[in-house]
Amino acid sequence: GASVIAVWFFFVDLIAGHPLFTPATLGRGLLSVFGPVPATQSMFVFVLIYTIFHYAAFIMVGLIAAMIVNVANREPSILMGFVVLFAAMELGFYALSGVLQRWTPLGSLAWYNVMIGNLLAAAGMGWYLLRAHPGLREQFRHSIERPSPQAASPSERRDTA
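Quick caveat, the model's predicted, so the values are computed rather than measured. (Residues numbered from 1 in each chain as written. Predicted model: local features only at pLDDT ≥ 70, side-chain atom pairs only at ≥ 80, totals over all residues. Heavy atoms only, no water.)

**Q** Pulling in residues and values, what's your account of the overall build of the protein?
**A** A tally of helices and strands in the protein yields 7 helices and 0 strands. Secondary structure of the protein in N-to-C order comes out as α-α-α-α-α-α-α. A total of 161 residues make up the protein; the buried ones form 24% of that total. Put simply, 57% of the contacts in the protein that link residues at least 6 apart link residues at least 24 apart. Split by element, the accessible area of the protein, about 10900 Å² in all, is 72% carbon and sulfur. (Helix = DSSP H or I, 4+ residues; strand = E, 2+ residues; numbered from the N terminus. Buried < 20%, exposed > 50% of the residue type's maximum accessible area, 1.4 Å probe, protein only. Contact = heavy atoms within 4.5 Å. Areas by Shrake-Rupley, 256 points an atom, 1.4 Å probe, with all protein chains shown as cover.)

Structure representation (structure tokens):
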């Protein structure tokens, strides 16, 4: 996922005529959380700091996704919770990109590039998980099915009657 986003923003920045603009800007913003950033700081440092942070964040997301997929082997319904969590996180990223649009040099470029990058990363990670766990599609399908009345035990059927 991190590599997909890195390649996406590399090409977006390259087409805009500003190679590495996005990771440098985000790296500068990340460092500014810890205090003033020296004006003499090189762009390479910003890109390096952001790249390390970005890959660490995606490693955590990947570990959580893999854990959820493994838990889904026992309880497929957890996949629906994961979908809801994913949607909420995406909305959070879009809100963050709205803030970035307003308060950073990323400007109006931010929100739709973040959205496309996140969707590409999600597709890449989903493709990987589906290939690594062939039964995942069936588990997901099972997680969204409503149980039929015939599937309920006799005592459950009497309680609902």
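After that view, the rundown keeps rolling.
**Q** Provide a residue-level description of the packing of aromatic side chains, including the pertinent values.
**A** Evaluated as defined, the whole model comprises 1 aromatic pair. Between F10 and F11, the ring centres sit 5.6 Å apart and the planes meet at 70°, which makes this aromatic pair edge-to-face. (Phe/Tyr/Trp six-rings, centres within 6.5 Å; stacked < 30°, edge-to-face > 60°.)

**Q** Quick one: what's the story with a nonpolar patch on the surface, residue by residue and with numbers?
**A** On the surface, a nonpolar cluster with roughly 660 Å² of combined accessible area is contributed by V7, F10, F11, L14, I15, L20 and M43. No other element matches the 5 residues that helix α1 (residues 2-15) contributes to the nonpolar patch. As for its placement among the helices and strands, F11 is situated in helix α1. With relative accessibility at 45%, the residue F11 sits in the partly exposed group. (Patch = residues over 30% accessible without salt bridge, like charges linked within 9 Å, V, L, I, M, F, W, Y side chains within 5 Å. Salt bridge = Lys/Arg side-chain N within 4 Å of Asp/Glu carboxyl O.)

**Q** Go over the packing of helix α2 (residues 21-32) against helix α3 (residues 43-72) with me, naming the residues and quoting the values.
**A** It is at 7 Å that the axes of α2 and α3 come closest, and there the two elements cross at 80°. Taken together, the axes of α2 and α3 are roughly perpendicular relative to one another. In this structure, α2 uses P23, A24, L26, G27, R28, L30 and L31 to contact α3, whose residues at the interface are M43, V45, F46, V47, I49, Y50 and F53. (Axes fitted to C-alpha atoms, helices over the stretch in contact; angles between N-to-C directions. Parallel < 35°, antiparallel > 145°, perpendicular 65-115°, else oblique.)

**Q** Which residues make up the side chain of N118, and what are the values?
**A** Within the element layout of this structure, N118 appears in helix α5 (residues 110-132). For N118, a relative accessible area of 10% corresponds to the buried category. Every residue in contact with N118, bar those within four places of it in the chain, is listed here: I5, E90, F93 and Y94.

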